[in-house]
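Spelled out, the chains give:
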Amino acid sequence: MSAIDKAEKAAERKWWALVAVCLGLFMALLDVTIVNVALPAIQSDLQTDFSGLEWILNAYTLVFAVTLVTTSRLGDIFGRKTLFMLGIAVFTIGSLLCGLSGGITMLNLSRGIQGLGASAMTPLSLAIISATFSGKQRGIAIGIWGGVSGLATGIGPVIGGILVKHIGWESIFYVNIPVGIVAILLSLWAIKQSRDESAARRIDLFGFVAFTVFMFCLIYGLIQVNHEGNDWSSPEVGWMLGISILALLVFIVGELRLKHPMVDPRLFKIPSFTGSAIAAFCLSAGMYSLLFNLSIYMQSFLGLDALETGVKLIAFTAMALLFGPLSGALMGKISPKWLVVVSMALLAIGVYSMSFLSKHNDPAEWIVLLPGFIVAGIGSGLINPPISNLAIGTVPVQRAGMASGMSNVARQMGGAFGVALYGAILSSRFASLVTDRIQSLQGDQLSESAKGQAIQAIESAGPIVGSSGLAGMERDIAFQNDPLFDSYREIARASFVDGTIDIIKIAAAILAIGAVLCLVLIRKKDLRH
């Protein structure tokens, strides 16, 4: 083979390498959004409670967040191609185990395995592109990579809806298996091995362990609020949150003393970098986490099926997909500070407008959410490019990889925190409202004992059963032939909706606070490159 032929083959193989990394990225991001529309079907099939559903999302995001920086470092040391392919293999095995799960514990453990694989696939995909392409081709490749990111996030709910409706919830995981096999074979052939020869040949195990304890105890403590018999004052909840705070302090102090830390806290001395991390956290905590609750509202309360819910969410995801490239084009003309602040403000306005959701369980009432989906979708599309630009553009070049990883960790932390926080608040508010409303019922047929039994039964059933109007509970002995069952049903529905409205307002407040902090912290003079 002539030198010219070899050069042409190498050039062609580069673009196949891009296809391979994009397949891995597509799977990792698709599973963030595809699961939301499947939650009611999973809950019904596996007979899990509200906290079990939360772990379906948080098992993935928690493992993703705590291992992301470490897997990126391992790729720099041992070879990005090797770790990327290993990540795809782990993710594919996790997907198979998810589909085979016969119980909620197995499903959540399998989701954690998926998260471990995704933590290698997502950051290393961009590192492989940077090592494979140069000049204008690198810009084109990164643009395609970004487009695939938006596409995966955008079509996830629709694909999930189609699969759940026509095949079953297990299929949203099985679909990853053939894609994963193709991605591994293509990676083996097309991707050229690369590593960072200057990277320290050591892993920050202290930082990894301390950060894992911090994140796990924080999320576990919040989710425990949902368990029967627990509330915000429960010793178990207090201990978990206390250990979480202690672990965070130990992590920060320890990282400051290490020569090669997993995360260098000194980067947060740069106001604009801190602003970008806050924006990333608030974006996930205030918007993306809320999709979990909105999906339950649309399916369990309004009665939409998984496919109908996925189609309705296109109003949000399509705006994000359309305005992402526009934001990238505007970054050279508008200060990233104002792109971030305006985007956060749009997200806060869009989310707050969703708090006017209907209390009538008519599927047509979803239209009340449409303006919020559109406005928040525009904000979501506009904010992602400037966040990434600020994260790596405000730190020294040699710290760019760490900064990018920290930005991704902030996103995953926000997602896990938001799902757990909203679940804890919704469960607490649901129980409180049900108690108050049943206690206020009047009638000869309702003794204090009967009230207590009704309250205990509905609180034990939880907000998801409440959102469906206590579907299935009419077969419960405590409710057989109860003349006030219809009143209980309406109380449960109304309590779920009012609790959901409360968490939507909290989500809007998180986004608004993020916008104000970004306005104060982000400065043009901090941009280095």
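Criteria and thresholds
Residues numbered from 1 in each chain as written. Predicted model: local features only at pLDDT ≥ 70, side-chain atom pairs only at ≥ 80, totals over all residues. Heavy atoms only, no water. Helix = DSSP H or I, 4+ residues; strand = E, 2+ residues; numbered from the N terminus. Rg over C-alpha atoms; globule rule 2.2 N^0.38 Å. Buried < 20%, exposed > 50% of the residue type's maximum accessible area, 1.4 Å probe, protein only. Contact = heavy atoms within 4.5 Å. Areas by Shrake-Rupley, 256 points an atom, 1.4 Å probe, with all protein chains shown as cover. Lys, Arg positive; Asp, Glu negative; His and termini not counted. Charge placed at Lys NZ, Arg CZ, Asp CG, Glu CD. Patch = residues over 30% accessible without salt bridge, like charges linked within 9 Å, V, L, I, M, F, W, Y side chains within 5 Å. Salt bridge = Lys/Arg side-chain N within 4 Å of Asp/Glu carboxyl O. Core = buried A, V, L, I, M, F, W, Y, C linked by side-chain atoms within 4.5 Å. Axes fitted to C-alpha atoms, helices over the stretch in contact; angles between N-to-C directions. Parallel < 35°, antiparallel > 145°, perpendicular 65-115°, else oblique. Left-handed = near helix turned anticlockwise from the far one by under 90°. Nonpolar A, V, L, I, M, F, W, Y, C, P; charged D, E, K, R; others polar. Expected span 1.5 Å × (residues − 1). Bend = angle between axes of the 7 residues up to and from the residue. Phe/Tyr/Trp six-rings, centres within 6.5 Å; stacked < 30°, edge-to-face > 60°. Lys NZ or Arg CZ within 6 Å of the ring centre and 35° of its normal.

Side note on the overall build of the protein
Tallying secondary structure elements over the protein gives 19 helices and zero strands in all. For the protein, whose C-alpha radius of gyration is 24 Å, the value lies close to the compact-globule estimate of 24 Å for 529 residues. In terms of overall dimensions, the protein has a C-alpha envelope of 95 × 45 × 40 Å along the principal axes. Taking all 529 residues of the protein together, 54% fall into the buried category. Summarising the internal contacts of the protein: among those between residues at least 6 apart in sequence, 83% fall at separations of at least 24. Entry remark: accessible area of the protein is about 21,800 Å², with carbon and sulfur atoms responsible for 66%. Computed over 36 positive and 33 negative side-chain charges, the separation of the two mean positions in the protein equals 19 Å.

Here's the deal with a nonpolar patch on the surface
A surface patch of nonpolar side chains, about 540 Å² in accessible area, is lined by I334, W338, V342, V516, L519 and V520. Looking at the nonpolar patch, the elements that each hand over two or more residues are α15 (336–353) and α19 (485–521). With three residues, α19 is the largest single contributor of residues to the nonpolar patch. Tracing the chain through its elements places V342 in helix α15.

Things to note about the nonpolar core
If you look at the biggest cluster of nonpolar residues, it comprises 149 residues, and the most contacted ones within it are L107, F211, Y297, F373 and I458. For this core, the element with the most residues is helix α17 (residues 400–439), which contributes 16 residues. With near-sequence residues (within four places) excluded, F373 lies in contact with L294, M298, K312, L313, A315, F316 and M354.

Topic: the packing of α15 against α19
Axis separation between α15 and α19 bottoms out at 8 Å; the angle between their running directions is 165°. The angle between the axes of α15 and α19 places the two elements in the roughly antiparallel class. Here α15 runs over α19; the crossing is left-handed. Facing K337, W338, V340, V341, M344, A345, L347, A348, V351 and Y352 of α15, the residues of α19 in contact are I504, K505, A507, A508, L511, A512, G514, A515, C518 and L519. In the contact of α15 with α19, the residues fall into 17 nonpolar, one polar and two charged.

Side note on the pattern of salt bridges
The final tally for this structure, using the stated rule, is seven salt bridges. Across the pair D498 and K359 runs a salt bridge whose closest N-O atoms are separated by 2.8 Å. Placement of the pair is D498 in helix α19 and K359 in the loop between α15 and α16 (370–393), with a sequence separation of 139 residues. The class of D498 is buried, set by a relative accessible area of 13%. As a salt-bridge pair, D498 and R437 come within 2.5 Å of each other at their nearest N and O atoms. With D498 in helix α19 and R437 in helix α17, the pair connects residues that are 61 residues apart, well separated along the chain.

Some remarks on unusual backbone geometry
Peptide bonds are trans in most cases, and residues, glycine excluded, mostly fall at negative phi. One non-glycine residue with positive phi stands out, namely Q47, at about 55°. Position of Q47 among the secondary structure elements: in the loop between α2 (39–46) and α3 (50–78).

Examining helix α5 (residues 104–132)
A rise of 1.5 Å per residue sets the reference length of α5, with its 29 residues, at 42 Å; its end C-alpha atoms lie 41 Å apart and thus fit the reference within 8%. L124 marks where α5 bends most, by close to 30°.

Details of the environment of W338
Note that W338 resides in helix α15. In this structure, the C-alpha to C-alpha distance between W338 and P386, residues 48 residues apart in sequence, is 9.3 Å.

Describing the packing of aromatic side chains
The description of two aromatic rings rests on the distance between their centres and on the angle between their planes. If you walk through the whole model with that rule in mind, you get 13 aromatic pairs. Considering the side-chain rings of Y60 and F64, the 6.1 Å spacing of their centres and the 55° angle between planes classify their relative orientation as tilted. In this pair, Y60 and F64 are both assigned in helix α3, four residues apart and thus about one turn of the helix distant. Across the pair, exposure class does not vary: Y60 and F64 are buried alike. An angle of 90° between the planes, with centres 5.8 Å apart, marks the rings of Y352 and F356 as edge-to-face. An aromatic cluster is built from W55, F216 and Y220, whose rings are joined through pairwise contacts. Here the guanidinium or amino end of K337 rests over the ring plane of W338, the centre of that ring lying 5.4 Å away.

Details of the environment of M287
Here M287 shows up in helix α11 (residues 271–288). Using a relative accessible area of 0% as the deciding quantity, one classes M287 as buried. The contact partners of M287, leaving out residues within four places of it in the chain, are C282, F316, L347, V351, M354, A376 and L511.

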